[in-house]
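# Geometric and topological summary
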Amino acid sequence: MVKAADMLIARRADTRARADFATWKMMAKLNGASALPAEAQNFLASYRKLLGEMPENEATEATILLLYKAYYAEMGGIGTPPDVQPRRAEPVADNVTAFRRPQPVRPKAQAMLGANSNRPPLPVALIFACLVVVYVGIRFFWR
């Protein structure tokens, strides 16, 4: 029987193994494998050896399994590591909605909003002239 703590360690070890292997594989593709630690270089060498014997996806899974077992023991897992089934990628539901134009505003709704199209807007010059008259009137009565 697998304890919950061991299963937690197993999941962490599996996640770490998958992430590390992907990183190491990318570093190898970018000619940076010499910068990797010796342990990583050993796993990559075993991966290359497995590539000669089996297809790429099987070699990848076999190498990840080796990494997983090593990480499980390193993280304090007891006994043989339990099988961790990788979560199946659920089909992604597209949550993007299509763009739709907003409904045109009805004339009755425009009147309610205060946009009265029957009356032309007040010219800016008239507003300015009224402000000048008010200013002069205040200055005149203030003295």
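Residues numbered from 1 in each chain as written. Predicted model: local features only at pLDDT ≥ 70, side-chain atom pairs only at ≥ 80, totals over all residues. Heavy atoms only, no water.

The grouping of Leu122, Leu126, Ile127 and Leu131 at the surface amounts to a nonpolar patch, some 380 Å² of accessible area in total. Tracing the chain through its elements places Leu122 in the loop between helix 4 (107–113) and helix 5 (124–142). (Patch = residues over 30% accessible without salt bridge, like charges linked within 9 Å, V, L, I, M, F, W, Y side chains within 5 Å. Areas by Shrake-Rupley, 256 points an atom, 1.4 Å probe, with all protein chains shown as cover. Salt bridge = Lys/Arg side-chain N within 4 Å of Asp/Glu carboxyl O. Helix = DSSP H or I, 4+ residues; strand = E, 2+ residues; numbered from the N terminus.)

Moving on, we get to the packing of aromatic side chains. According to the stated counting rule, one finds four aromatic pairs in the structure shown. The interplanar angle of 20° and the centroid separation of 6.2 Å between the aromatic rings of Trp24 and Phe43 together place this pair among those described as stacked. Linking Trp24 in helix 1 (residues 4–29) with Phe43 in helix 2 (residues 38–53), this pair joins segments that are 19 residues apart in sequence. Seen from their ring centres, Tyr68 and Tyr72 are 6.3 Å apart, and the 45° between their planes marks the pair as tilted. Of the two residues, Tyr68 and Tyr72 are both situated in helix 3 (residues 56–74); the distance of four residues between them amounts to about one turn of the helix. What makes Tyr72 buried here is its relative accessible area of 2%. (Phe/Tyr/Trp six-rings, centres within 6.5 Å; stacked < 30°, edge-to-face > 60°. Buried < 20%, exposed > 50% of the residue type's maximum accessible area, 1.4 Å probe, protein only.)

Below, the discussion takes up the nonpolar core. Across soluble globular proteins, you tend to see nonpolar side chains buried next to one another. Trp24 and Leu67 are the most contacted members of the largest nonpolar core, which totals 20 residues. Contributions of two or more residues to this core are made by helix 1, helix 2 and helix 3. (Core = buried A, V, L, I, M, F, W, Y, C linked by side-chain atoms within 4.5 Å.)

Looking now at the confidence of the model for the protein chain. Summary statistics for the protein chain give a mean pLDDT of 81 and a share of 80% for residues scoring 70 or more. At the low end of the mean pLDDT range in the protein chain sits helix 4, at 59; at the high end sits helix 5, at 90. (pLDDT = per-residue confidence, 0-100.)

We now examine the packing of helix 2 against helix 3. With their axes 9 Å apart at the nearest point, helix 2 and helix 3 run at an angle of 145° to one another. Note on packing geometry: the crossing formed by helix 2 with helix 3 is right-handed. On helix 3, the residues that touch Glu39, Phe43, Tyr47, Leu50 and Leu51 of helix 2 are Glu56, Ala59, Thr60, Ala62, Thr63, Leu66, Leu67, Ala70 and Tyr71. Among the residues making up the contact of helix 2 with helix 3, the classes are represented as 10 nonpolar, two polar and two charged. (Axes fitted to C-alpha atoms, helices over the stretch in contact; angles between N-to-C directions. Left-handed = near helix turned anticlockwise from the far one by under 90°. Contact = heavy atoms within 4.5 Å. Nonpolar A, V, L, I, M, F, W, Y, C, P; charged D, E, K, R; others polar.)

Turning to the environment of Gly76, a few remarks are in order. On the secondary structure map, Gly76 appears in the loop between helix 3 and helix 4. Among the residues examined, Gly76 registers a relative accessible area of 43% and is labelled partly exposed. The spacing of Gly76 and Asp6 is 70 residues in sequence and 8.5 Å in space, taken between C-alpha atoms.

As for its position among the elements, Thr15 is in helix 1. The exposed category is assigned to Thr15, whose relative accessible area is 53%. For the pair Thr15 and Ile64, spaced 49 residues apart in the sequence, the C-alpha separation amounts to 9.7 Å. Here the side chain of Thr15 touches Arg11 through a polar contact of 2.9 Å, landing on its backbone oxygen. (Polar contact = N/O pair within 3.5 Å; in protein donor to acceptor, adjacent residues only side chain to side chain.)

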